[in-house]
Amino acid sequence: MNSFSARVLDLVKRVPRGRVTTYAEIARAAGSPRAARAAGNALNKNPRPVRVPCHRVVSSGGKIGGYSRGVAIKTSLLRREDVFAKGGRIAGFEKLFFRFNKTA
DNA sequence: CCTGGGGCAGCCG
DNA sequence: ACGGCTGCCCCAG
């Protein structure tokens with residue numbers, strides 16, 4: 001695993017329960033603002049070994065985004081944390097949005 | 001709302 | 001090491 005992926009995973013692990021963040025935000029915090037896609041790619045493969053709450057990572061604007069095991073699972077996991085997705089969107093996304101500390 | 005093009009790291013040949 | 005394809009995306013039209 002490379003530093004980028006490692007950073008991405010580490011960042012995702014910091015997202016508190018019941019909160020969500022975006023791929024773009026993670027990419028930014030990881031040091032590559034334009035690498036949201038790459039960040040998602042990293043999440044797709046890495047979360048096998050360790051438990052990474054990928055379900056707390058959504059797309060920009062509060063869209064559900066994707067999930068390797070299926071968006072339905074992702075939605076369920078979120079709902080489990082009192083985060084509800086209505087029509088492919090996170091309800092109250094802006095309030096639940098978690099921003100990383102840049103100095104991390 | 002849908003379509004097209006761009007940008008970035010990982011993986012494979 | 002090199003080049004090309006891919007993806008849980010993003011932004012503009």
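Every value quoted in this text rests on a predicted model; they were computed, and no experiment measured them. (Residues numbered from 1 in each chain as written. Chains lettered and ligands numbered in written order. Predicted model: local features only at pLDDT ≥ 70, side-chain atom pairs only at ≥ 80, totals over all residues. Heavy atoms only, no water.)

### Description of helix 3 (residues 36-45)
Item 1. Looking at helix 3, one finds that the buried residues are Ala-39, Ala-42 and Leu-43. For helix 3, the buried positions fall inside an angular range of 100° around the axis, keeping them on one side. Residues of helix 3 that are exposed and point more than 90 degrees away from the buried face comprise Arg-37 and Lys-45.
Item 2. Buried residues along helix 3 sit in contact with helix 1 (3-14), helix 2 (23-30) and strand 2 (57-58). (Buried < 20%, exposed > 50% of the residue type's maximum accessible area, 1.4 Å probe, protein only. Helix = DSSP H or I, 4+ residues; strand = E, 2+ residues; numbered from the N terminus. Arc of directions from axis to C-beta. Contact = heavy atoms within 4.5 Å.)

### Observations regarding the protein's contact with DNA strand B
Item 1. Every residue lining DNA strand B is accounted for by Asn-2, Phe-4, Ser-5, Ser-32, Arg-34, Ala-35, Arg-37, Ala-38, Asn-41 and Lys-45.
Item 2. Backbone atoms, meaning sugar and phosphate, form 64% of the atoms of DNA strand B found within 4 Å of the protein.
Item 3. At 3.2 Å, a side-chain N or O of Ser-5 approaches a phosphate oxygen of DNA strand B.
Item 4. Note that a base nitrogen of DNA strand B is positioned 2.4 Å from one of the side-chain N or O atoms of Arg-37.
Item 5. Looking at the surface near DNA strand B, the elements with two or more residues in it are helix 1 and helix 3.
Item 6. When residues in the surface near DNA strand B are grouped by element, the largest group, 4 residues, is from helix 3.
Item 7. Of the residues in the surface near DNA strand B, the class split is 3 nonpolar, 4 polar and 3 charged. (Near = heavy atom within 4 Å. Polar contact = N/O pair within 3.5 Å; in protein donor to acceptor, adjacent residues only side chain to side chain. Nonpolar A, V, L, I, M, F, W, Y, C, P; charged D, E, K, R; others polar.)

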